[in-house]
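# Fold and contact review
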Amino acid sequence: MSSQGSRDESRGGVLTSETAEKLQTLHSRVMQYIHQGRHEVATALCKQLNREVQSDTGSEHQDLAIVLSIQAVVYKDQGKYGDAIQCLKEALAVREKTDPDNKQALAAILNNLAVVHAKTSNFKDAEMYCKRALEIRQKILGMNHPDVAKQLNNLAALCMNLGKYDEVEWHYQRALEIYQTELGPDNTNVSRTKNLLANCYLKQGKYKAAEHLFKEILDKANTLELREAETPTNPQSMGDSQNMWMFDGSGSPGQERRNQPANGIKEAGTYSEQGEWHRSDRVLKPTVTDTLKNLSDVLKRQGKNDAATVLAQFATTSRKGLDAKQKEEVDKVLLDQAGKKGREFVDGDDEDDRNSVSSQPPRSPSPKTSGRPSPALVCTVFNLFYFICILFLCLL
């Protein structure tokens, strides 16, 4: 984008740098007010600019879609999901009519619609919007782009709520493959996605598979935390900012914004892709403490209570990773319990999809008998009754 403005390809006109700066200022101020809890001020500011944009460009211009997208995050942060959905639907309609070639912006709005519908537990509509967003991203970015992996993680979270566990596993495994190939095995997204996949296994009672992933996460998290304790890191590395809305507990850290103009002015179109942009939605990588709690929970569910207790104790003392002695003790505990037979999955076991899954105690195994008579007993009683009836009729 030049200092004079950027090309508005939808109408062959020019979007002035003044308009772009106004939208950037709106975004910055709205986020500031949200952080301060001043949602009424943020809403009023959005409505004011909405009126100005419609007055200057009419009701069918991409600038209006940008303002509506910013306004949606204010409503979402307040829990006004109906208003947020309305804003996003209007933004989508404007985009589809005025700027249909901007597929990135369309995918972003579709993704955000999926997220807000999920907030209202309307998972079927959320899945539909999410699949549309995924299809667009795969088409314009390629099948192996990190943003495609993020969308797969969102779709997996929706499928989890719909009980489609086979699809959940496939989406997480595919996202994991993309992250490992494109970003490397040490990228935060890899550990995050492994954590989510492990929780999926846990929900299904696939304890061995969950345990295996949690062990991998623990090794990686411990190495990183020890390294960070020795060498202070940029706070940004603790939780990457995102440019895509993600589901609570299931999102992946976003990538740094790409293709920023050299003069520092962002194109207005960027603001239609606003993601979970405020601090409460920042996604952190799994920690040693949380992973030890997760491993403890998995072992408890298998009836390996002694080993689970030891890991839980380590979880309370590990603040900056496990030192060599502690790590050796943890590895020994995990190795010793590996050969022991654990309890099988119990129907009804479930767990919230969170970074730490150990806050709920493991449920006791359901008894094999439910108190109802067995089919064989019912059949015997029925035959006896039938015989008595026949005998009675013969006597008559």
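Thresholds applied
Throughout this description, residue numbers start from 1 for each chain and increase along the sequence as written. Local features in a predicted model are, by the rule used here, given only for residues with pLDDT of at least 70; side-chain atom pairs are given and counted only at 80 or more, and totals for whole chains, interfaces and linings are based on all residues. Excluded from the side-chain calculation are hydrogens and water; included are all heavy atoms of the structure. Each helix is a run of H or I in the DSSP string that is no shorter than four residues. Each strand is a run of E no shorter than two, and both are numbered from the N terminus. Working rule for contacts: check all heavy atoms of both residues, and any pair within 4.5 Å makes them a contact. Where accessible areas are quoted, they stem from the Shrake-Rupley method and a 1.4 Å probe; at the residue level, only the protein chains shown are allowed to cover. Whenever a carboxyl oxygen of Asp or Glu lies within 4 Å of a side-chain nitrogen of Lys or Arg, that contact is scored as a salt bridge. For every residue, the accessible area obtained with a 1.4 Å probe (protein chains only) is divided by the maximum for its type, and the residue is called buried under 20%, exposed over 50%, and partly exposed between those limits. To obtain an axis, a line is fitted to C-alpha atoms, over the contacting stretch when the element is a helix, and the angle between two such axes runs from 0 to 180 degrees between their N-to-C directions. Any angle between 65 and 115 degrees counts as roughly perpendicular, while under 35 counts as roughly parallel, over 145 as roughly antiparallel, and the rest as oblique. Left-handed describes a crossing in which the near helix is turned anticlockwise from the far one by less than a right angle; the clockwise case is right-handed. Residue polarity follows a fixed list, in which Ala, Val, Leu, Ile, Met, Phe, Trp, Tyr, Cys and Pro are nonpolar, Asp, Glu, Lys and Arg are charged, and the others, Gly among them, are polar. Within this scheme a cavity is a closed region of a 1 Å grid, computed over the protein atoms alone, that accommodates a 1.4 Å probe without allowing it to escape, whereas a pocket is open but has protein on both sides within 12 Å along at least five of seven lines; lining residues each have an atom within 4 Å of a point. Grid points are joined across faces, edges and corners, and a volume is the space filled by probe spheres set on the points. Every helix has an expected span of 1.5 Å times one less than the residues it contains. Under this definition, polar contacts are N or O atom pairs within 3.5 Å; protein pairs additionally need one hydrogen-donor-capable and one acceptor-capable atom, and for neighbouring residues in sequence, both atoms have to be side-chain atoms. Per residue, pLDDT measures the predictor's confidence, with a range of 0 to 100.

The next subject is the overall build of the chain. The secondary structure content of the chain amounts to 14 helices and 2 strands. In the chain, the proportion of contacts linking residues at least 24 apart, taken out of those at least 6 apart, comes to 68%. Working note: accessible area of the chain is about 20,000 Å², and carbon and sulfur atoms make up 52% of it.

With that settled, the discussion passes to the pattern of salt bridges. Throughout the structure, instances matching the rule amount to 14 salt bridges. Between E169 and K206 there is a salt bridge, and its shortest N-O distance comes to 2.7 Å. Residue E169 is found in helix 8 (residues 165-182), and its partner K206 is found in the loop between helix 9 (188-203) and helix 10 (207-230); the two are separated by 37 residues along the sequence. Owing to a relative accessible area of 35%, K206 belongs among the partly exposed residues under this scheme. Between E177 and R174 there is a salt bridge whose closest N-O contact spans 3.6 Å.

What follows deals with the packing of helix 3 (residues 62-78) against helix 4 (residues 81-98). As a packed pair, helix 3 and helix 4 sit with axes 8 Å apart at the nearest point and diverge in direction by 165°. Overall, the two elements helix 3 and helix 4 adopt an arrangement that is roughly antiparallel. Crossing handedness for the pair helix 3 and helix 4: left-handed. Facing helix 3, whose interface residues are Q62, L64, A65, I66, L68, S69, Q71, A72, Y75 and K76, helix 4 presents Y81, D83, A84, C87, L88, E90, A91, V94, R95 and T98. The class makeup of the residues in the contact of helix 3 with helix 4 is 12 nonpolar, 4 polar and 4 charged.

This next bit is on empty space enclosed by the protein. Using the criterion set out here, one finds 1 cavity of 30 Å³ or more in the structure. Every residue lining the largest cavity is listed: D186, N187, T188, S191, K220, A221, L224, K285 and P286. Only helix 9 and helix 10 provide two or more residues apiece to the lining of the largest cavity. The element contributing the most residues to the lining of the largest cavity is helix 10, with 3 residues. Its residues assigned to classes, the lining of the largest cavity shows 3 nonpolar, 3 polar and 3 charged.

What follows concerns helix 7 (residues 146-161). For helix 7, spanning 16 residues, the distance from its first C-alpha to its last is 23 Å, which sits close to the expected 22 Å at 1.5 Å a residue. Buried residues dominate helix 7, accounting for 15 of its 16 residues. Two residues or fewer after helix 7 comes G163, characterised by a positive phi angle close to 75°.

A few words on the packing of helix 6 (residues 123-141) against helix 7. Where helix 6 contacts helix 7, the two axes come as close as 9 Å, and the packing angle between them is 160°. What the angle tells us is that helix 6 and helix 7 run roughly antiparallel. When you trace helix 6 past helix 7, the crossing you get is left-handed. Facing helix 6, whose interface residues are F123, A126, E127, C130, K131, A133, L134, R137, Q138 and L141, helix 7 presents D147, V148, Q151, L152, N154, L155, L158, C159 and N161. Of the residues belonging to the contact of helix 6 with helix 7, the class tally is 11 nonpolar, 4 polar and 4 charged.

Taking relative accessible area as the criterion, E169 reaches 11% and is therefore assigned buried. Within the structure, E169 has its side chain in polar contact with the side chain of K206 (distance 2.7 Å).

What follows covers the confidence of the model for the chain. Detailed reading of the predicted coordinates is not advisable wherever pLDDT is low. With 66% of its residues at a pLDDT of at least 70, the chain reaches an overall mean of 75. Throughout residues 1-16 the model reports pLDDT below 50, and contacts reaching past four residues in sequence, or to other chains, amount to 34 contacts. Here residues 344-371 is a poorly scored stretch, pLDDT under 50, and it has 60 contacts once near neighbours within four places are set aside; other chains count.

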